[in-house]
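Remarks on the overall topology
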Amino acid sequence: MMNKHAGRAPGTANGSVMRSLSSENCGFEILDYGRTTNDFIDNKIEELGSGDSEEPFYVANLDRIVKRHVRWLTNLPRVKPFYAVKCNNTPAVLKMLSALDTGFDCASKGEIQQALSLGVTPDKIIYAHTTKPLSHIRYACAHGVDMMTFDSEDELLKISLCHSKAKLVLRIAVDDSKSLVKLSSKFGARLGSVGRLLKLAGELGLDVIGVSFHVGSGCTGSLPFKQGIADARHVFDLANLLGFQMRLLDIGGGFSGIGEFQDKFEEFSEVINGALDEFFPPDSGVQIIAEPGRYYVESAFTLAVNVMAKRVVIDESSESDDGEENSSNRMMMYYLNDGVYGSMSCIVFDPAHCNLEPYLHRAVKSSEQRYRSVIWGPTCDCIDKVTDSYWIPELHVGDWLLIDNMGAYSVSVSTDFNSFERAHIYPVMTAETWNTLNLTHT
Ligand SMILES: Cc1ncc(COP(=O)(O)O)c(C=O)c1O
């Protein structure tokens, strides 16, 4: 429900840089004063219970995204974030980030289409995929998206055919050994080959404007960023000698969204800022951008799932002497209405977030007996397992479990295998944050 104080549309009474968002078109619910995301989850579960539905759902807490943005601006003031759409393409998230004036890293025609349809202007998009279908390059060209990455001769030839006015960013391979998801075996030119690539770009009359790199997702050390920035300087110098006017450095993604490495964001930023000042001082005139994905969204999404079925399995090998069942030989099997083929594909595909810890929505007494439990997803496949040997109180069919930190590579990777519906997304923002944003940007 809309709060009366929260209803002042940005860009009206006070004017605001949040002009593109009004309480009517923002695509998220503004919570009444004092109402929290947890209150919203409680109400939603109650509401579903009173209807005939137990659909899984996410609540996207946009306050968290705003906080992350402020933290970014505070710590990396020289680096403009181009949010990586692939990480989570929920329209409300993209609209919010666009209103906060981020750019966008798009990896395909579909992502570019989505960004443009939400009002993002082409100059705020980098087509950051080094291996692009010809038709997608043509689409980018037709819609004024000029900035795009490359790392090979063949890509240069394709771009010269389809988008000869493109502003090219040479992606280099960097040390990804400190990252949980590695990317350098698939993407990025080695330093030894950049001279050849730049010469070919010159012969084709293409405009190379900068360098990008990606240290890998979920990076656990700051040194790869430092080395990447130093390597980029080397490529800038070479390109400048060859007559290109180099003006953009893109330091990619890799910033953690949760856990101890997220806590080190300030430390990482110091190292990055030091390297930028050393190799690309402010008076160099080089624009610095980055492509953070999980940093912005991972902690913002909570998933709510329902226990739709249950089996109690008696471990006969540990039966008591008199053959009686007891708590230690009961293993619980629970079946949720969402799993690995849906919102939780990270268990299989995302080494940076593969251990999920569902917890009960209801209050749990410390005295409650705990049982070894296996939690499965809903599909017919055994790979669809959420947790193994998980010690929790007994669950009942109809119980709700919550899983935090589900915002990265979840929504955008899920399938509807077995025709189980994808989880619905409810984006919300507190009235306090909404009003602060509108007043701050007056
Ligand atoms: C080219 C590119 N940019 C940005 C990202 C986002 O990375 P992260 O979510 O680690 O910030 C990725 C992730 O795979 C990527 O491939």
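Bear in mind the structure is a predicted one, so any value in this text is a computation, not a measurement.

**Notes on the overall build of the protein chain**
Of regular secondary structure, the protein chain possesses 13 helices and 19 strands. The C-alpha radius of gyration computed for the protein chain amounts to 24 Å, which stays within 12% of the reference 22 Å derived for 442 residues, consistent with globular compactness. Here the C-alpha coordinates of the protein chain stretch approximately 85 × 60 × 40 Å along the principal axes. Looking at the protein chain alone, contacts between residues at least 24 apart form 72% of all its contacts between residues at least 6 apart. Element-wise, carbon and sulfur atoms account for 51% of the exposed surface of the protein chain, whose accessible area totals about 19000 Å². The centroid of the 41 positive side-chain charges in the protein chain is displaced by 7 Å from the centroid of its 57 negative side-chain charges.

**Looking at the packing of aromatic side chains**
Scanning the entire structure with this criterion turns up 16 aromatic pairs. Taking 5.8 Å as the distance between ring centres and 75 degrees as the angle between the ring planes, the aromatic pair formed by Phe57 and Tyr426 counts as edge-to-face. Remark: Tyr426 occurs in strand β19 (residues 424-430) and Phe57 occurs in strand β2 (residues 57-61); sequence separation between them is 369 residues. As far as the burial class goes, Phe57 and Tyr426 line up, both buried. With 5.8 Å between their ring centres and 35 degrees between their planes, Trp72 and Phe265 make a pair best called tilted. With Trp72 in helix α2 (residues 62-75) and Phe265 in helix α10 (residues 265-279), this residue pair connects regions lying 193 residues apart in the sequence. Given the relative accessible area of 0%, Trp72 is considered buried.

**Examining the site of the ligand**
Close contacts around the ligand come from 15 residues, with Ser217, Glu291, Gly293, Arg294 and Tyr409 the closest. In this structure, Ser217 approaches the ligand through a side-chain N or O atom, which is 2.5 Å from an oxygen atom. Note that an oxygen atom of the ligand is positioned 3.0 Å from one of the backbone N or O atoms of Arg294. Burial of the ligand by the protein chains amounts to 91% of its free accessible area of 390 Å². Spatially, the ligand is embedded in the largest pocket.

**Details of the pattern of salt bridges**
The final tally for this structure, using the stated rule, is 18 salt bridges. With its nearest N and O atoms 3.0 Å apart, the salt bridge here joins Arg294 to Asp350. One end of the pair, Arg294, is in helix α11 (residues 294-297); the other, Asp350, is in the loop between α12 (346-349) and β15 (359-360), and 56 residues separate them in sequence. Side by side, Arg294 and Asp350 carry an identical accessibility label, which is buried. Glu368 is the salt-bridge partner of Arg362, the closest N and O atoms lying 3.3 Å from each other. Arg362 sits in the partly exposed class, given a relative accessible area of 29%. According to the relative accessible area criterion, Glu368 is partly exposed, its value standing at 23%.

**Notes on the nonpolar core**
One finds Phe28, Leu249, Ile251 and Phe255 to be the most contacted residues of the largest nonpolar core, which totals 107 residues. Both of domain 1 (61-298) and domain 2 (303-403) provide at least three residues apiece to this core. Counting residues in each nonpolar core, the second largest holds 12 residues, with Phe40, Ala304, Trp400 and Leu402 among its members.

**Overview of unusual backbone geometry**
Of note in the backbone geometry, Tyr409 takes a positive phi value of approximately 50 degrees without being a glycine. Tracing the backbone shows Tyr409 in the loop between β18 (400-403) and β19. The partly exposed category is assigned to Tyr409, whose relative accessible area is 21%. One non-glycine residue, Asn418, lies in positive phi territory at about 65 degrees. By the secondary structure assignment, Asn418 is in the loop between β18 and β19.

**Some points on the domain arrangement of the protein chain**
Domains assigned within the protein chain are domain 1 (61-298) and domain 2 (303-403). Relative placement of domain 1 and domain 2: their C-alpha centres are 40 Å apart. Domain 1 puts 6 residues into the contact, and the matching count from domain 2 is 4 residues. Counting the contacts that link domain 1 with domain 2 gives 1 salt bridge. Where domain 1 meets domain 2, there are 2 residue pairs in polar contact (both at pLDDT 80 or more). Tallied by class, residues from the side of domain 1 that touches domain 2 come to 3 nonpolar, 1 polar and 2 charged.

**Examining the environment of Thr436**
Inspection of the secondary structure puts Thr436 in helix α13 (residues 431-440). Judged by relative accessible area, which is 46%, Thr436 ranks as partly exposed. Separated by 2.6 Å, the side chain of Thr436 and the backbone oxygen of Glu432 make a polar contact.

**Here's the deal with empty space enclosed by the protein**
Applying the stated criterion across every chain yields a total of 3 cavities of 30 Å³ or more. Volume-wise, the largest cavity comes out at about 60 Å³. In terms of lining, the largest cavity is formed by 13 residues, of which the most central are Asp338, Tyr341, Gly342, Pro378 and Phe420. Taken together, the residues of the lining of the largest cavity break down into 4 nonpolar, 5 polar and 4 charged.

**Observations regarding helix α7 (residues 194-203)**
Those residues of α7 lying buried are Val194, Gly195, Leu197, Leu198, Leu200 and Ala201. Those residues of α7 that are buried are in contact with β6 (147-150), α6 (153-162), β7 (167-171), β9 (207-212) and α8 (223-241). Looking one or two places after α7, you find Gly205, whose phi comes out positive at around 75 degrees.

The rules behind these values
- Residues numbered from 1 in each chain as written.
- Predicted model: local features only at pLDDT ≥ 70, side-chain atom pairs only at ≥ 80, totals over all residues.
- Heavy atoms only, no water.
- Helix = DSSP H or I, 4+ residues; strand = E, 2+ residues; numbered from the N terminus.
- Rg over C-alpha atoms; globule rule 2.2 N^0.38 Å.
- Contact = heavy atoms within 4.5 Å.
- Areas by Shrake-Rupley, 256 points an atom, 1.4 Å probe, with all protein chains shown as cover.
- Lys, Arg positive; Asp, Glu negative; His and termini not counted.
- Charge placed at Lys NZ, Arg CZ, Asp CG, Glu CD.
- Phe/Tyr/Trp six-rings, centres within 6.5 Å; stacked < 30°, edge-to-face > 60°.
- Buried < 20%, exposed > 50% of the residue type's maximum accessible area, 1.4 Å probe, protein only.
- Near = heavy atom within 4 Å.
- Polar contact = N/O pair within 3.5 Å; in protein donor to acceptor, adjacent residues only side chain to side chain.
- 1 Å grid on protein atoms, 1.4 Å probe; cavity = no way out; pocket = protein on both sides within 12 Å on 5 of 7 lines; lining within 4 Å.
- Sits in = over half its atoms within 2 Å of the grid points.
- Salt bridge = Lys/Arg side-chain N within 4 Å of Asp/Glu carboxyl O.
- Core = buried A, V, L, I, M, F, W, Y, C linked by side-chain atoms within 4.5 Å.
- Domains from an automatic or database assignment.
- Nonpolar A, V, L, I, M, F, W, Y, C, P; charged D, E, K, R; others polar.
- Points joined across faces, edges and corners; volume = space filled by probe spheres on them.

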